[in-house]
Amino acid sequence: MEEIRTPIFEQTELFVRSVGEESDIVQKEMYTFEDKGGRSITLRPEGTAPIVRAFLENSFVNRGFQQRYYYIGPMFRYEKPQSGRLRQFHQVGFEIFGSESPGADLETILAVDNFLKRLGLTKYTIHLNSIGCPECRKNYREALREYYGKHLNDLCDDCKRRYETNILRLLDCKIDHELALNAPKSTDYLCEPCREHYEKLKDYLNEFEIKYVEDHTLVRGLDYYTRTVFEVRHEGLGAQNAIAGGGRYDGLFSDLGGGTVPALGFAGGIERIVLALKAEGIEVPRKNVHYIYVATIGEDAFKEGMKLAMELRKKGLNVDVDIMNRNLSGQLKHADRLGAKYVVIVGDEELEKGVVVLRNLETGDQVEIDKEFAIEYIFEKASKE
Ligand SMILES: [Zn+2]
Ligand SMILES: [Zn+2]
């Protein structure tokens, strides 16, 4: 799997064509403006369409299939800020290109589940649905039209419009949720290949003991989804309780002018995942596992400490040296605040003896190490953490 980084902004047209004219994102939530050349530009509201655009532009198709990419970065949506909803937020996502197999759907859901489990989260539920392909969706749309046609006057204004333009979206309206609960289910209208795909995925999930609930009101807000859609909801969050979501988008490549490339992926909202961690009382993990602070006392010691730090950095460790001229206890306090597990202490006395001191901040244990072996010794200790 490779990381992919796409620009923060794209031509507006990309999102209109992929996410969909009628989606909330395009209708209400995009930061769209004109650049000096009069082109319409949009700050990316999601990560998938830019990746597909980059794929097509750079002929990644020549790399052969299957392909897997991940991304982490800021996304932008103009919404009323509230808990778990920021105008600049961050997503971590994963995409698989080239496979039509339910095995790819399994892998995507396993990836989300594994990711959340490794963070220590438990109080979440995976909602699952299949919204079929353009073929079977024709019949399903008809069924929805008939059902909602009887309730037209009860619908909210947005849904009255969506009834004409994008009837699937009525199912995930928060205001008209009651009606959605009794609406026809997409899974009852799947064509044979779509039904087999969905059944196979559920078999896999059961076999891998991944708990999920089938939720026929789940359609996800983006037009490009086909067949599998899923959303992970956390019980510790308020109204904005989806911490990750995704699905299959077999038609997106051809919508954007590419050939037929079956594809799917997920995105997780980092700020919401952090809220979920807090709700479960899990300490947000720090990245400073190999973090070492070099405390020095005096000018000679500073130079010696800096040399030591440079050697340790060459070995790939994350090392900080005091450049604030604090006294030793000030430096130790600061190292603790930064989350360093080890502090290397270099003072005049130690220099004279030809040693440095390595202190474990968690246990308070410390050892004197001969300067000659210090680099190897510290590296051995720290990289094992
Ligand atoms: Zn179908
Ligand atoms: Zn509505």
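The model shown is predicted, which means the values in this text are computed figures rather than measured ones.

What follows deals with the overall build of the protein chain. For the protein chain, the count of helices and strands is 14 helices and 16 strands. A compact globule built from 385 residues should have a C-alpha radius of gyration of about 21 Å, whereas the protein chain, at 27 Å, is more than 25% larger. Split into buried and exposed, the 385 residues of the protein chain put 49% on the buried side. Of the contacts formed within the protein chain by residues at least 6 apart in sequence, a portion of 66% connects residues at least 24 apart. Within the structure as shown, the protein chain displays about 19700 Å² of accessible surface, and the carbon and sulfur contribution to it stands at 48%.

We now examine the coordination of the zinc ion (ligand 1). Around the zinc ion (ligand 1), the donor atoms from the protein are Cys-133 (SG), Cys-136 (SG), Cys-191 (SG) and Cys-194 (SG), and they sit 2.2 to 2.4 Å away. All donors of the zinc ion (ligand 1) come from a single chain, and their spacing in sequence reads C-x2-C-x54-C-x2-C. By relative accessible area, which is 0% here, Cys-194 ends up buried.

Let's shift gears to the coordination of the zinc ion (ligand 2). The protein atoms donating to the zinc ion (ligand 2) are Cys-156 (SG), Cys-159 (SG), Cys-173 (SG) and Asp-176 (OD), with metal-donor distances spanning 2.1 to 2.2 Å. What the four donor atoms of the zinc ion (ligand 2) show is an angle range of 98 to 116° at the metal, which sorts the shape as tetrahedral. Look at where the donors of the zinc ion (ligand 2) fall in the sequence and you get C-x2-C-x13-C-x2-D. Taken together, the positions of Cys-156 in the loop between helix H5 (134-149) and helix H6 (157-165) and Cys-173 in the loop between H6 and helix H7 (177-181) put the pair 17 residues apart, joining distant regions of the chain.

To continue, consider the UniProt feature "binding site: L-histidine" (unreviewed entry) in the protein chain. Under the local residue numbering, the UniProt record ascribes the feature "binding site: L-histidine" (unreviewed entry) to Glu-46, Gly-47, Thr-48, Arg-77, Gln-91, Glu-95, Arg-220, Tyr-224 and Tyr-225. A relative accessible area of 4% means that Glu-46 is categorised as buried. Within the local environment of Glu-46, its side chain forms a polar contact with the backbone nitrogen of Ala-49, the two atoms lying 2.7 Å apart. The residues touching Tyr-224, leaving out its near neighbours within four places in the chain, are Ser-18, Val-19, Glu-46, Thr-48, Arg-248, Tyr-249 and Leu-252. Among the polar contacts listed, one links the side chain of Tyr-224 to the side chain of Glu-46, at a separation of 2.5 Å.

Cut-offs applied
- Residues numbered from 1 in each chain as written.
- Chains lettered and ligands numbered in written order.
- Predicted model: local features only at pLDDT ≥ 70, side-chain atom pairs only at ≥ 80, totals over all residues.
- Heavy atoms only, no water.
- Helix = DSSP H or I, 4+ residues; strand = E, 2+ residues; numbered from the N terminus.
- Rg over C-alpha atoms; globule rule 2.2 N^0.38 Å.
- Buried < 20%, exposed > 50% of the residue type's maximum accessible area, 1.4 Å probe, protein only.
- Contact = heavy atoms within 4.5 Å.
- Areas by Shrake-Rupley, 256 points an atom, 1.4 Å probe, with all protein chains shown as cover.
- Donors = N, O, S within 2.8 Å, 3.2 Å for Na, K, Ca; no water.
- Tetrahedral: all angles 85-135°; square planar, octahedral: opposite > 155°, others 65-115°.
- UniProt positions renumbered as here; feature names shortened; annotations may be inferred.
- Polar contact = N/O pair within 3.5 Å; in protein donor to acceptor, adjacent residues only side chain to side chain.

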